[in-house]
Amino acid sequence: ASRTADHLRSPVICILGHVDTGKTKILDRIRRTNVQDGEAGGITQQIGATYFPIDAVKKEATKLAEGRQLDYNVPSLLIIDTPGHESFTNLRSRGSSLCDIAILVVDILHGLEPQTKESIGLLKARKTPFIVALNKIDRIYDWDAQPHNCPTRDSIAKQPRHAREEFMRRVRDAQLEFAEIGFNTELYWENEDPRKTVSLVPTSAISGEGIPDLLMLLLALPQKLLTDRLMFNPLLEATVLEVKVIEGLGTTIDVILTGGTIREGDTIMVVGLDGPIVSTIRALLTPHPMKEMRVKGQYLHHKEIKAAQGIKISAEGMEKAVAGTQLMVVQDPTSEVEMEYCRDEVMKDFQTILTDVDKSGKGVYVQASTLGSLEALLEFLRSSKIPVSGINIGPVHKRDVTKASTMLERGKEYATILAFDVGVEKEARELAEDAGVRIFTADIIYHLFDQFTAYMEQIKK
Ligand code: GTP
Ligand code: MG
Ligand code: NA
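These numbers were taken from a predicted model, which means no experiment stands behind them.

**Re the overall build of the chain**
- Assigned secondary structure in the chain consists of 14 helices and 20 strands.
- Taking 461 residues into account, the globule formula puts the C-alpha radius of gyration at 23 Å, and the chain, at 23 Å, falls close to it.
- Looking at the chain residue by residue over its 461 residues, the buried ones come to 45%.
- The contacts of the chain with a sequence gap of at least 6 include a subset with a gap of at least 24, amounting to 72%.

**Brief notes about the sheet that holds strand β6 (residues 185-187)**
- A sheet is described by the order of its strands in space; here 7 strands give the open sequence β2-β3-β1-β4-β5-β7-β6, paired in mixed fashion. The strands lining the two open edges of the sheet, one partner per strand, are β2 (48-53) and β6. Here the strands of the sheet are splayed against their neighbours by 25 degrees on average, with no regard to which way each runs.
- Here strand β5 (residues 130-135) pairs with strand β7 (residues 198-202) via 3 bridges, running parallel. Residue Val 132 lies in a different strand from β7, and its bridge partner there is Leu 200.
- Helix α7 (residues 211-225) rests against β1 (12-17), β3 (76-81), β4 (101-107), β5 and β7 of the sheet, and its axis sits at about 155 degrees to β7.

**Regarding helix α10 (residues 371-383)**
- Taking 1.5 Å of rise per residue, 13 residues should cover 18 Å, and α10 covers 18 Å from first to last C-alpha, within 8% of that figure.
- Within α10 the residues assigned to the buried category are Leu 371, Gly 372, Ser 373, Leu 374, Glu 375, Ala 376, Leu 377, Leu 378, Phe 380 and Leu 381.
- Buried positions along α10 lie against α3 (89-98), α9 (336-354), β17 (364-368), β18 (388-393), β19 (416-420) and α14 (445-460).
- Where α10 ends, the next residue or the one after it, Lys 385, has phi of about 55 degrees, a positive value.

**A few points about the packing of helix α2 (residues 54-61) against α7**
- Running from N to C, α2 and α7 cross one another at 125 degrees; their axes reach a closest spacing of 8 Å. As summarised for this structure, α2 and α7 are arranged oblique, according to the angle between their axes. Regarding α2 and α7, the two cross each other, and that crossing is left-handed. In this structure, α2 contributes Val 57, Glu 60 and Ala 61 to the contact, and α7 contributes Ile 211, Pro 212, Leu 215, Met 216 and Leu 219.

**Section: the environment of Thr 197**
- Following the sequence through the fold, Thr 197 ends up in the loop between β6 and β7.
- By C-beta crowding, Thr 197 is classed as partly exposed, having 15 other C-beta atoms within 10 Å.
- Sequence spacing of Thr 197 and Thr 185 is 12 residues, and the spatial spacing of their C-alpha atoms is 5.2 Å.
- Excluding its chain neighbours within four sequence positions, the residues that come into contact with Thr 197 are Asn 184, Thr 185, Glu 186 and Asn 191.

**Observations concerning the site of ligand 1**
- As a matter of local geometry, ligand 1 sits amid 23 residues, with Gly 22, Thr 24, Lys 25, Thr 44 and Gly 84 nearest to it.
- Of the residues in the shell around ligand 1, the class split is 6 nonpolar, 11 polar and 6 charged.

**So, unusual backbone geometry**
- Cis geometry is found at the peptide bond from Ala 307 to Ala 308, where omega equals -5 degrees.
- Inspection of the secondary structure puts Ala 308 in the loop between β14 (304-306) and β15 (309-315).
- Its identity is not glycine, yet Lys 127 carries a phi of approximately 55 degrees, on the positive side.
- Residue placement: Lys 127 occurs in the loop between α4 (114-125) and β5.

**Re the packing of helix α11 (residues 398-405) against helix α13 (residues 426-435)**
- Where α11 meets α13, the closest approach of the two axes is 8 Å, and the angle between their N-to-C directions is 20 degrees. Here α11 lies roughly parallel to α13, going by the angle between them. Every pair of crossing elements has a handedness; the one defined by α11 and α13 is right-handed. For the pair formed by α11 and α13, the contact residues are Lys 398, Asp 400, Val 401 and Ser 405 on the first element and Glu 427, Ala 428, Leu 431, Ala 432 and Ala 435 on the second.
- Of the residues contributing to the contact of α11 with α13, the split by class is 5 nonpolar, 1 polar and 3 charged.

**What about the nonpolar core?**
- Judged by nonpolar contacts, the single largest core of 122 residues is most densely connected at Ile 13, Ile 80, Ala 102, Val 132, Val 255, Val 270 and Leu 377.
- Sorting elements by how many residues they give to this core places α7 first, with 8 residues.

**Observations regarding the sheet that holds β18**
- Strand order in this open sheet of 4 strands is β18-β17-β19-β20, and the pairing throughout is parallel. Sheet topology places β18 and β20 (438-442) at the edges, where each strand pairs with a single neighbour. For this sheet, the mean angle separating the axes of adjacent strands, direction not counted, is 15 degrees.
- Where β19 lies against β20, 5 bridges are found, and the strand directions are parallel. Residue pairing across strands places Ala 419 opposite Thr 441, the latter belonging to β20.

**Brief notes about the pairing of β17**
- Burial analysis of β17 places 5 of its 5 residues in the buried class, the great majority of the element.
- Residues of β17 alternate between two faces, with Val 364, Val 366 and Ala 368 on one and Tyr 365 and Gln 367 on the opposite face, all of them buried.
- Two elements, β17 and β18, share 5 bridges in a ladder whose sense is parallel. Note that in β18 the partner of Val 364 across the bridge is Val 388.
- For the handedness criterion, the β-α-β arrangement of β17, α10 and β18 is classed as right-handed.

**Quick word on the confidence of the model for the chain**
- When pLDDT is averaged across the chain, the result is 92; 98% of the residues are at 70 or more.
- The ipTM, which scores confidence in the relative placement of chains, is 1.00 for this predicted complex, and the corresponding pTM is 0.91.

**A few points about the environment of Asp 213**
- One can find Asp 213 in helix α7.
- Remark: the alpha-carbon pair of Asp 213 and Ser 314, spanning 101 residues in sequence, is separated by 38 Å.
- Not counting the four nearest positions on each side in its chain, Asp 213 is found in contact with Leu 64, Pro 151, Thr 152, Tyr 188 and Val 201.

**Some points on α7**
- Between its first and last C-alpha, α7 extends 21 Å over 15 residues, near the 21 Å set by a 1.5 Å rise per residue.
- Counting buried positions along α7 gives 11 out of 15 residues, so the element sits mostly inside the fold.
- Those residues of α7 that sit buried are Ile 211, Pro 212, Asp 213, Leu 214, Leu 215, Met 216, Leu 217, Leu 218, Leu 219, Leu 221 and Pro 222.

Calculation rules
Residues numbered from 1 in each chain as written. Chains lettered and ligands numbered in written order. Predicted model: local features only at pLDDT ≥ 70, side-chain atom pairs only at ≥ 80, totals over all residues. Helix = DSSP H or I, 4+ residues; strand = E, 2+ residues; numbered from the N terminus. Rg over C-alpha atoms; globule rule 2.2 N^0.38 Å. Buried ≥ 20, exposed ≤ 12 C-beta atoms within 10 Å, placed from the backbone. Contact = placed C-beta atoms within 7 Å. Pairing = 2+ DSSP bridges. Axes fitted to C-alpha atoms, helices over the stretch in contact; angles between N-to-C directions. Expected span 1.5 Å × (residues − 1). Parallel < 35°, antiparallel > 145°, perpendicular 65-115°, else oblique. Left-handed = near helix turned anticlockwise from the far one by under 90°. Near = placed C-beta within 6 Å. Nonpolar A, V, L, I, M, F, W, Y, C, P; charged D, E, K, R; others polar. Core = buried A, V, L, I, M, F, W, Y, C linked by C-beta atoms within 7 Å. Right-handed = clockwise from strand over helix to strand, strands pointing away. pLDDT = per-residue confidence, 0-100.

See below:
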C-alpha cells in the first residue's frame, strides 16, 4: 500500500462524554440497533467498536448535499464507544488514545458535566480534533421532533418560535461553558475554520435529527485535518479489548486494529496472566458491518484485514489472555531478539497493574472480566485506601478462594473477593462458604462499590 492521499486508512473515531448523554444511543440510531437497551443498568462498562462501510454513511450524509456528489476518500469509519460513568476514566483514556478524531457528546439540557470536562482534558492532551454532538434536542420544551433522521437546520426551521429561541439559548450557554475552558465553538454551519473552532452539531438519538449532519462532518473532518495521519501506515497497532468464549470457536479475543495489516496464520503475542502468550491466528473474523463488536453475533471470515477494523481472532491458548492490552505480530518467531522485544513490549501495561498489589500481602482479592474493569476497581480501592493482595481476570475458581482465604489469619475483613462481571464456579462458591471467604459479585460496577463499602462500615462497628 502506498502512502498517498487517495489511499487513506479508515479513521478511528471515539465517542466520549458524561454518563447518559446518549453516546450508545447515537450509535444505535446510525446502526439501527438496540445495544443500549441490553446494557446492565443502562450504562456502558466496556469499550465497543463498530465498523461503518462508507456507502452506508454516505447515504445519510447525502441528505445534506442538495444533489451534489460527495467526494470523500476514506474507505470506512471505525467508531469506538466508551463508558461515561466516572469509574471508567481508564477506558475513556484508552479509547481516546486509539482514535484519530472524537465525538464529544453533551446533553444540551445539562451542558458540560464532570466527565465531559475530563474527556476534553484527554483530547487536549493528545491534540485530538473533536466535534461536539449537542444531543437530546428533542427534550427542549415544545420541540417538535422531526422524523426520519432530519438534517438539523431543516428541523430548526420547523420549530415553533419559542422552542427555537430556547434552543439558541441552550447553544449559547454551551458555547459560554466551552469558552470558559478555552475552546471556541460554533454551530457547524457557521464554523469557518474547523482547525481553530470546534463544531457543534445539534442531534437527537431518539428522532435521528442531526444524524446526517454528524456523519457528514465525520466524513469531511478527516480529510480537512488528518490526511497525513490517515495515509496508510504499515506499522501494526492492535489492542485486545476482550477475551470471550464463542461456541464453535473456543476462546477468542476481540481486537481493535488501528494500524497495519493482520493475516490468518500470523504469529501473535498477547499478555497472559502467567506471562506472554504466543500463538498462531487460526481464524480472522469480523462482525457484520454496522454491528457492535461487544454484542455476540455472526462473523465474517477473512484472510487479511487492514486497519482500522474491529476483529475477532480465534487462536489456541487464549484462555489466559488479558483484555485491555497490546497485541503484537511476531514477524520472525525464530528470532530470539524479536521474541524478547515483543515480550517486553507486550507486558508493559500489565506490569503497571501489578504494582497496585500490596507488597505486605494484606488486602482484598479483586477479580474482573477485563483489564479495563480491573483497573477501574483498583482505582476505586486505592481512593478508598483499601489494600489489594491479589488480582485475577476471568471467572472465580477454587484457587482464587484459596488465595483469598490466606487473609483469614492476617486480617479477617480482607478475606474477601470482589468479582465484577465474572462468574463464580460452583465449587469456588462452596469452598468460600466453608472457609468463610466473602464473595461480592455485581455486573454494575458501582453496585459492587456500594456492597463493599456497606460491608466495611459494618465491620468497623
Ligand atoms: P453511558 O455509556 O452509560 O455513559 O451512557 P450513554 O452516553 O451511552 O447514554 P445512553 O445511550 O445509554 O443513553 C442514556 C439515556 O438517554 C437512555 O435512556 C436513552 O434512551 C436516552 N437518550 C439518549 N439520547 C437521547 C436523545 O437524543 N433524546 C432523548 N429524549 N433521550 C435520549
Ligand atoms: Mg453508552
Ligand atoms: Na447510559
